[in-house]
Amino acid sequence: MHKVFASAPGKVNLALRVGPPRTDGFHPLDTIFEAVDVYESVSATYAPSEITVSVRGATQELPTDEQNLAVKAALVLRERFGGTAGAHLDLEKRIPVAGGMAGGSADAAATLVACNELWECEASQSDLLEIAGQLGSDVPFALLGGLAHGVGRGERLVPINADAHHFWVMITSPEGLSTPAVFAEFDQIMGYTRIPDTLVPDTLDLQRALAAGDSAAAISHMINDLEAPAFSLRPDLRDLMKSVEGRSAGHILSGSGPTIALLCDSLGAADSLANALRTENPEHGIIRANGPVAGARVTEAI
Ligand code: C5P
């Protein structure tokens, strides 16, 4: 194999419940992930030993060393399978950087499936999910896709089989938000310190509504515990959220923000809302997205 192309989707959390930080500093989550059709693409070209990366379409400059999650994914996969070959990774980004839609995690997931094929590692899906969990809390979901219930740091997943078709309008921000900063602000607001056995509110009502195909109930149970800390760090987001309230069936901050996700009743409603918001909010990016969609996959190998 000489060159492998792969893609992985971004995500929105339909619900994101957060508990007090564990002794390792991570927060226990109870979350419902939905993969949306905003894709990161990667091409992995065979190289004798080096792992390098180039990035196109990023809204902010990204590191090109091991700090880049795609490079780290390739390194960890290679180490795990004892290979020596390298790869040049060319990332084409469509998901906003530091936007709360897991763009970096999608880069890592696409890289894992691409390099698995390029280097003929023959890693199983469960091997890849395990490596993904070491790379970051959202990387396993970018591999799995669809709709899933996430617990632990968000890396332990159970797929949800629901007949859901969601039409989203995403309002992106020119400036990203740091996920660790939002979690730290969450602790500050809640007065939390690290504790050994932490409890987290559940997402059972939303899971039941999804299973029953009751979209009105599902929308009423959408909740994101990171909204308050994100708004505290970025008061402009609260104003933006207020300004779009009532324009769609549901609205929620995506992950740790700053992207705001509006859930619409129909494809037509989503398209016309997106068009209106593009005119009204020239300083923000507007992305039309549909979900749920499948996770990371190889699209071509030559
Ligand atoms: O897992 P990931 O590397 O994506 O997490 C980035 C940062 O977000 C962590 O270093 C931590 O500060 C915060 N985080 C957290 N609890 C989680 C997930 C992420 O505190 N469950």
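Higher on the page you've got the structure.
Treat the numbers as computed from the prediction; the structure is a model and nothing was measured.

Colleague: Sorry if this is basic, but what is going on with the overall build of the protein chain here?
Modeller: For the protein chain, the count of helices and strands is 10 helices and 12 strands. Taking 2.2 N^0.38 as the reference for a compact globule, 302 residues should give roughly 19 Å; the C-alpha atoms of the protein chain span a radius of gyration of 19 Å, in line with that estimate. Reported as C-alpha extents along the three principal axes, the dimensions of the protein chain are approximately 55 × 50 × 35 Å. Counting over 302 residues, the protein chain shows a buried share of 53%. Within the protein chain, residue pairs in contact and separated by at least 24 positions form 77% of the contacts whose partners lie at least 6 positions apart. For the protein chain, the accessible area works out to roughly 13,100 Å², and carbon and sulfur atoms hold 50% of it.

Colleague: Please clarify how empty space enclosed by the protein should be interpreted in this entry.
Modeller: Gaps between atoms show up when a probe of the same size as a water molecule is rolled over them. All chains considered together, the criterion is met by one cavity of 30 Å³ or more. Roughly 30 Å³ of volume is contained in the largest cavity. Looking at the largest cavity, the residues that line it are Leu14, His166, Leu206, Leu210, Ala218, Ile219, Met222 and Leu263. Where the lining of the largest cavity is concerned, the elements lending two or more residues are helix H6 (204-212) and helix H7 (215-220). Its residues assigned to classes, the lining of the largest cavity comprises seven nonpolar, one polar and no charged.

Each value, and the rule that gives it
Residues numbered from 1 in each chain as written. Predicted model: local features only at pLDDT ≥ 70, side-chain atom pairs only at ≥ 80, totals over all residues. Heavy atoms only, no water. Helix = DSSP H or I, 4+ residues; strand = E, 2+ residues; numbered from the N terminus. Rg over C-alpha atoms; globule rule 2.2 N^0.38 Å. Buried < 20%, exposed > 50% of the residue type's maximum accessible area, 1.4 Å probe, protein only. Contact = heavy atoms within 4.5 Å. Areas by Shrake-Rupley, 256 points an atom, 1.4 Å probe, with all protein chains shown as cover. 1 Å grid on protein atoms, 1.4 Å probe; cavity = no way out; pocket = protein on both sides within 12 Å on 5 of 7 lines; lining within 4 Å. Points joined across faces, edges and corners; volume = space filled by probe spheres on them. Nonpolar A, V, L, I, M, F, W, Y, C, P; charged D, E, K, R; others polar.

These figures capture arrangement, not role.
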